[in-house]
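What the coordinates show
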Amino acid sequence: MEKRHLGRTGLQVSRLGLGTMTWGRDTDEQEAAEQLKEFVDAGGNLVDTADVYADGDAEYLLSRLTESLVPRSELVIATKAGSVPACGRRFDGSRGHLLAALDASLRRLGTDYVDFWQVHAFDPATPVEETLSALDIAVSSGRARYVGVCDFSGWQLAKAATWQHAHHGRVPLAGAQLEYSLLQRGIEREALPAARDAGVGLLAGSPLGRGVLTGKYRHGLPQDSRGASPSLSGFVQPYLGERARRIVDAVATAADGLASSPLAVALAWVRDRPGVASALVGARTAGQLQAALSVEALTLPEEIRGALDDISAPVHRYPDQGWSEL
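Procedures and definitions
- Residues numbered from 1 in each chain as written.
- Predicted model: local features only at pLDDT ≥ 70, side-chain atom pairs only at ≥ 80, totals over all residues.
- Heavy atoms only, no water.
- Helix = DSSP H or I, 4+ residues; strand = E, 2+ residues; numbered from the N terminus.
- Buried < 20%, exposed > 50% of the residue type's maximum accessible area, 1.4 Å probe, protein only.
- Contact = heavy atoms within 4.5 Å.
- Areas by Shrake-Rupley, 256 points an atom, 1.4 Å probe, with all protein chains shown as cover.
- Lys, Arg positive; Asp, Glu negative; His and termini not counted.
- Charge placed at Lys NZ, Arg CZ, Asp CG, Glu CD.
- 1 Å grid on protein atoms, 1.4 Å probe; cavity = no way out; pocket = protein on both sides within 12 Å on 5 of 7 lines; lining within 4 Å.
- Points joined across faces, edges and corners; volume = space filled by probe spheres on them.
- Nonpolar A, V, L, I, M, F, W, Y, C, P; charged D, E, K, R; others polar.
- Pairing = 2+ DSSP bridges.
- Axes fitted to C-alpha atoms, helices over the stretch in contact; angles between N-to-C directions.
- Parallel < 35°, antiparallel > 145°, perpendicular 65-115°, else oblique.
- Left-handed = near helix turned anticlockwise from the far one by under 90°.
- Right-handed = clockwise from strand over helix to strand, strands pointing away.
- Phe/Tyr/Trp six-rings, centres within 6.5 Å; stacked < 30°, edge-to-face > 60°.

Considerations on the overall build of the protein chain
- From N to C terminus, the protein chain includes 11 helices and 10 strands.
- Each principal axis of the C-alpha atoms in the protein chain carries an extent, and together these give about 50 × 50 × 40 Å.
- Going through the 326 residues of the protein chain one by one, you find that 55% of them count as buried.
- A separation of at least 24 residues holds for 77% of the contacts in the protein chain among residues at least 6 apart in sequence.
- Carbon and sulfur atoms make up 50% of the accessible area of the protein chain, which amounts to about 13900 Å² in all.
- One finds the centroid of the 33 positive side-chain charges in the protein chain at a distance of 3 Å from the centroid of its 40 negative side-chain charges.

A look at empty space enclosed by the protein
- Scanning the entire structure with this criterion turns up one cavity of 30 Å³ or more.
- Of the pockets and cavities examined, the largest cavity occupies roughly 30 Å³.
- Around the largest cavity, the lining residues are Phe122, Asp123, Thr126, Val128, Thr131 and Phe152.
- When its residues are assigned to classes, the lining of the largest cavity shows three nonpolar, two polar and one charged.

A look at the sheet that holds strand β4 (residues 46-48)
- Pairing within the closed barrel is parallel, and its eight strands lie in the order β3-β4-β5-β6-β7-β8-β9-β10. For this sheet, the mean inter-axis angle between neighbouring strands, taken without regard to orientation, is 30°.
- Bridging between strand β6 (residues 114-119) and strand β7 (residues 144-150) involves five bridges; their strand directions are parallel. In the strand pairing of β7, phenylalanine 116 is matched with tyrosine 146.
- In the packing of helix α3 (residues 95-109) onto the sheet, the strands contacted are β5 (76-81) and β6, and the crossing angle to β6 comes to about 140°.

So, the packing of helix α5 (residues 154-166) against helix α6 (residues 191-198)
- Their axes nearest at 8 Å, the elements α5 and α6 cross at an angle of 15°. Between α5 and α6, the interaxial angle falls into the category roughly parallel. Crossing angle aside, the handedness with which α5 passes α6 is right-handed. Here α5 contributes Gly154, Leu157, Ala158, Ala161 and His165 to the contact with α6, which in turn contributes Ala191, Ala194, Ala195 and Ala198.
- For the contact of α5 with α6, the per-class residue count stands at seven nonpolar, two polar and no charged.

Some points on unusual backbone geometry
- A cis geometry characterises the amide bond from tyrosine 318 onward to proline 319, with omega recorded as 5°.
- Within the fold, proline 319 resides in the segment after α11 (302-312).
- For alanine 54, which is not glycine, the phi dihedral falls at a positive 55°.
- Secondary-structure assignment places alanine 54 in the loop between β4 and α2 (57-68).

A short note on the pairing of β7
- Extensive coverage of β7 is indicated by the burial of five of its seven residues.
- At this point the chain moves from β6, through helix α4 (residues 128-140), to the parallel β7, and the crossover so formed is right-handed.
- Strand direction decides the pairing type here: β7 and strand β8 (residues 175-179), joined by three bridges, are parallel. Following the sheet pairing, glycine 148 is matched in β8 by glycine 175.
- Remark: the β7/α5/β8 crossover connection has right-handed handedness.

As for the packing of helix α1 (residues 29-41) against helix α10 (residues 286-293)
- Interaxial distance between α1 and α10 falls to 9 Å at its minimum, and their mutual angle equals 20°. Between α1 and α10, the crossing angle belongs to the class labelled roughly parallel. Handedness of the crossing formed by α1 with α10: right-handed. Contacts between α1 and α10 pair Glu31, Glu34, Gln35, Glu38 and Phe39 from the former with Ala286, Leu289, Gln290 and Leu293 from the latter.
- Looking at side-chain class alone, the contact of α1 with α10 contains four nonpolar, two polar and three charged residues.

Observations regarding the pairing of strand β3 (residues 16-19)
- Of the two faces of β3, the one carrying Leu16 and Leu18 and the one carrying Gly17 and Gly19 are both buried.
- Taken together, the three bridges between β3 and strand β10 (residues 276-281) define a ladder with parallel strand orientation. Its bridge partner being in β10, leucine 18 is matched across the sheet by valine 281.
- Pairing of β3 with β4 involves two bridges; the strand directions are parallel. Of the residues in β4, the one forming a bridge with leucine 18 is valine 47.

Brief notes about the packing of aromatic side chains
- Throughout the structure, instances matching the rule amount to four aromatic pairs.
- Each ring, one from phenylalanine 122 and one from phenylalanine 152, has its centre 5.4 Å from the other, and the planes form 85°; the classification is edge-to-face. Here the residue phenylalanine 122 occupies a position in the loop between β6 and α4, and phenylalanine 152 occupies one in the loop between β7 and α5, the gap between them amounting to 30 residues.
- The exposure class of phenylalanine 122 is buried, given its relative accessible area of 17%.
- Judged by its relative accessible area of 4%, phenylalanine 152 is buried.
- Each ring, one from phenylalanine 122 and one from tryptophan 155, has its centre 5.6 Å from the other, and the planes form 70°; the classification is edge-to-face. Here the residue phenylalanine 122 occupies a position in the loop between β6 and α4, and tryptophan 155 occupies one in helix α5, the gap between them amounting to 33 residues.
- Looking at tryptophan 155, the relative accessible area reads 53%, which means it is exposed.

It is worth stressing that arrangement in space is one thing and function is another; only the former is reported here.
This is how it looks when you write it as structure tokens:
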């Protein structure tokens, strides 16, 4: 699998990454082992997790697999801190919380360092310079090799990247993880231009539109799908409307013309967008992951890419960059 540099750094990540949001909850150890083996055999190295995935069990499960199945040195492990869903406060970007969470992640992962550590979300209750100081400490102490952010808006990302660049001794942001797919192109308004301008690489989350772009929901709600899962149905529901249906139909038409699959077409579109370092794929089974990994051989023809661009284009309203409507 092709590797790409994450932002303006020397860190190389596979252009498809393995997401672990369901590990330890909907994906058991045997299934996770099959996924990881399939992914590494295909040349993948980036594995993305978080301290809140399955309340930490996803990290713990990954640690068991790096002990028994795949050497730690073959992986680029990315994790996150700052989300506190059990509290009244959704996000905690304080230096104390972030560093304590990183230490807990390292214990669960069974490693001395993570390759890429991310602030899970912007915390408006904490000064951003305090949040970013935790990233500097993580790198200077050897607990993280590279750092970044998740789900920051355009101005938040620009401010954070500028702060890190403007002060001597601070660690530049290597990457930003944001949702990006044919069904969700909102980051093109401000966040993606900010990332590209600052030299921050994009990790595209939910590149298959939370599974909807595979076409599995075109004719109903499969009982074994995320849309039917009590814990994930709310995650899928926003992408089951009329606009999404038109885009999914266009993807299916393109797939028929290429003798490919809707999954491959949708994933190839995201993977090759400007600024994208890696598209993160979360699979429920090894078979689903294998189907996603097969996209490595697919490059979309320009006319098909253009047609998909047109039907999924976001509306840029004033004062968005490149606005076309008031």
